[in-house]
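One-letter residues, chain by chain:
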Amino acid sequence: MAQKQPTRFVLDFEKPIVELEAKIDEMRSMTGAIGLAGDIDRLESRVEQLRGEVYANLTRWQRVQLARHPQRPYTLDYVNGMFENFMELHGDRAFRDDPAIVGGWATLDNQPVMVVGHQKGRDTKQNLLRNFGMPDPDGYRKAYRLFQMAEKFRRPVVCLLDTPGAYPGIGAEERGQAEAIARNLKLLARLRVPVLIVIIGEGASGGALGIGIGDTIFMLENSWYSVIAPESCSSILWRSWDYKEQAAEALRLTAPDLKKVGVIDVIVSEPLGGAHRDHQAMFDILKPLLTNELARLSALPTDELIAKRTEKFCAMGVWEG
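Below or above, wherever it landed, is the structure these notes cover.

Reading the values: rules and limits
- Residues numbered from 1 in each chain as written.
- Predicted model: local features only at pLDDT ≥ 70, side-chain atom pairs only at ≥ 80, totals over all residues.
- Heavy atoms only, no water.
- Helix = DSSP H or I, 4+ residues; strand = E, 2+ residues; numbered from the N terminus.
- Rg over C-alpha atoms; globule rule 2.2 N^0.38 Å.
- Buried < 20%, exposed > 50% of the residue type's maximum accessible area, 1.4 Å probe, protein only.
- Contact = heavy atoms within 4.5 Å.
- Areas by Shrake-Rupley, 256 points an atom, 1.4 Å probe, with all protein chains shown as cover.
- Lys, Arg positive; Asp, Glu negative; His and termini not counted.
- Charge placed at Lys NZ, Arg CZ, Asp CG, Glu CD.
- Patch = residues over 30% accessible without salt bridge, like charges linked within 9 Å, V, L, I, M, F, W, Y side chains within 5 Å.
- Salt bridge = Lys/Arg side-chain N within 4 Å of Asp/Glu carboxyl O.
- Arc of directions from axis to C-beta.
- Pairing = 2+ DSSP bridges.
- Phe/Tyr/Trp six-rings, centres within 6.5 Å; stacked < 30°, edge-to-face > 60°.

1. Section: the overall build of the chain
Right, so step 1: Secondary structure summary: the chain contains 14 helices and 8 strands in total.
Right, so step 2: Over its C-alpha trace the chain gives a radius of gyration of 21 Å, about what one expects of a compact globule, namely 20 Å for 321 residues.
Right, so step 3: Counting only C-alpha atoms and orienting by the principal axes, one finds that the chain spans roughly 70 × 50 × 45 Å.
Right, so step 4: Relative to its 321 residues, the chain shows a buried fraction of 50%.
Right, so step 5: Long-range pairs, those at least 24 residues apart, make up 71% of the contacts in the chain between residues at least 6 apart in sequence.
Right, so step 6: For the chain, the exposed area adds up to about 16000 Å²; of that, 54% sits on carbon and sulfur atoms.
Right, so step 7: Considering the chain, the positive charge centre built from 40 side chains and the negative charge centre built from 43 side chains are found 4 Å apart.

Pasting the structure below:
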């Protein structure tokens, strides 16, 4: 029995493209479609032109929407698509295993690494399990344990960021959410192995930064990274979520914005239309970038590696008159 394909989720600005694609499929399915070959070719050319125009001129809010696309690849998709021999490790050895952060040993082109990332769910059941990708302190303490293990065995770390923020619940605060994140920041800043960071979707506040200190920061072109989500910013400034688009513009949270001010290092191109349209193409683009960068960083003396990492983050926010 053929597996049922998931219904495609369509954003408002994608609708003209999807409508033309549906028209092409309809024409192809018609009896005597061979006589419509010229019309189909013209429509396909129009679709390609429209797709290029739309995705070349996305607003910041539209990129936020793409970063949240429910069919976008998540951390475990990247792990399964780019890494080999993944062995997931569980628990923080203090309270519980937090499914909102996953991690474990893997190999990347025969290079053993520790991979850690936020994990969202595909449906309601999975999202409840993963807490919508919002970690508790237990998740950050699990990551802390895995970072220490990577250092002990002298293996590089790869972190995949995709979270709407650390979980703000009472239980999380009672168990030391801020302290758990702060300890991770301190550890990652001094970790004696190469650390690669990849922002694959949403990068909100300390929830992302808690596993986001590294030597090289990659950011997918349709992801976002900011101290606050546009809706929350709108709610604070205008007492309403209605101004989220203006907030996104003011926050300058896209990859080109952050590359310009030195917060990230590399903008990673996505397949036309976004990573959700072709997971394998996205994996094929990202994997060699990580492999090459790991080779470069692994050749550096440890003290130089840490010094450059420290210098990188100390330089952020510096203003020269």
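So that's the structure; there's more coming.
2. A few points about a nonpolar patch on the surface
Right, so step 1: Among the surface-exposed residues, Ile236, Leu237, Trp238 and Tyr243 lie close enough to one another that they form a single nonpolar patch of about 410 Å² accessible area.
Right, so step 2: Along the chain, isoleucine 236 turns up in helix α10 (residues 230-238).
Right, so step 3: Taking the relative accessible area as the measure of exposure, isoleucine 236 reaches 52% and is therefore exposed.

3. Some points on the environment of arginine 154
Right, so step 1: By the secondary structure assignment, arginine 154 is in the loop between α6 (137-152) and β4 (157-163).
Right, so step 2: Sequence separation between arginine 154 and leucine 191 is 37 residues, and the spatial gap between their C-alpha atoms is 10.0 Å.

4. Quick notes on helix α4 (residues 75-82)
Right, so step 1: For α4, the set of buried residues is Thr75, Leu76, Tyr78, Val79 and Met82. Around the axis of α4, the buried residues are gathered within 160° of arc, so they sit on the same side.

5. With respect to the pairing of strand β3 (residues 111-118)
Two faces belong to every sheet, and in a regular strand the side chains alternate between them.
Right, so step 1: In terms of burial, β3 is a largely internal element, 6 of the 8 residues being buried.
Right, so step 2: Sheet topology places strand β2 (residues 101-108) next to β3; 8 bridges connect them, and they run antiparallel. Each residue of the ladder has a partner; that of threonine 107, found in β3, is proline 112.
Right, so step 3: Taking the residues between adjacent antiparallel strands as the criterion, β2 and β3 are bridged by 2 residues, where aspartate 109 takes a positive phi near 50°.
Right, so step 4: When β3 meets β4, the two strands line up parallel, connected through 4 bridges. Bridge assignment links valine 116 to a residue of β4, and that residue is cysteine 159.

6. A word on the packing of aromatic side chains
Right, so step 1: Under the defined criterion, the tally for this structure stands at 3 aromatic pairs.
Right, so step 2: Ring centres 5.2 Å apart and planes at 70° place the aromatic pair tyrosine 78 and phenylalanine 283 in the edge-to-face group. In this pair, tyrosine 78 is assigned in helix α4 and phenylalanine 283 in helix α13 (residues 279-298), connecting sequence segments 205 residues apart. When sorted by exposure, tyrosine 78 lands in the same class as phenylalanine 283, which is buried.
Right, so step 3: A ring pair is formed by tryptophan 105 and phenylalanine 153, whose centres lie 6.0 Å apart and whose planes are at 80°; its orientation type is edge-to-face. Pair noted here: tryptophan 105 is in strand β2 and phenylalanine 153 is in the loop between α6 and β4, with a separation of 48 residues, a long-range link.

7. Re the side chain of glutamine 71
Right, so step 1: In this fold, glutamine 71 is placed in the loop between α3 (60-67) and α4.
Right, so step 2: A residue is classified by how much of its surface remains accessible, and glutamine 71, at 19% relative accessible area, is buried.

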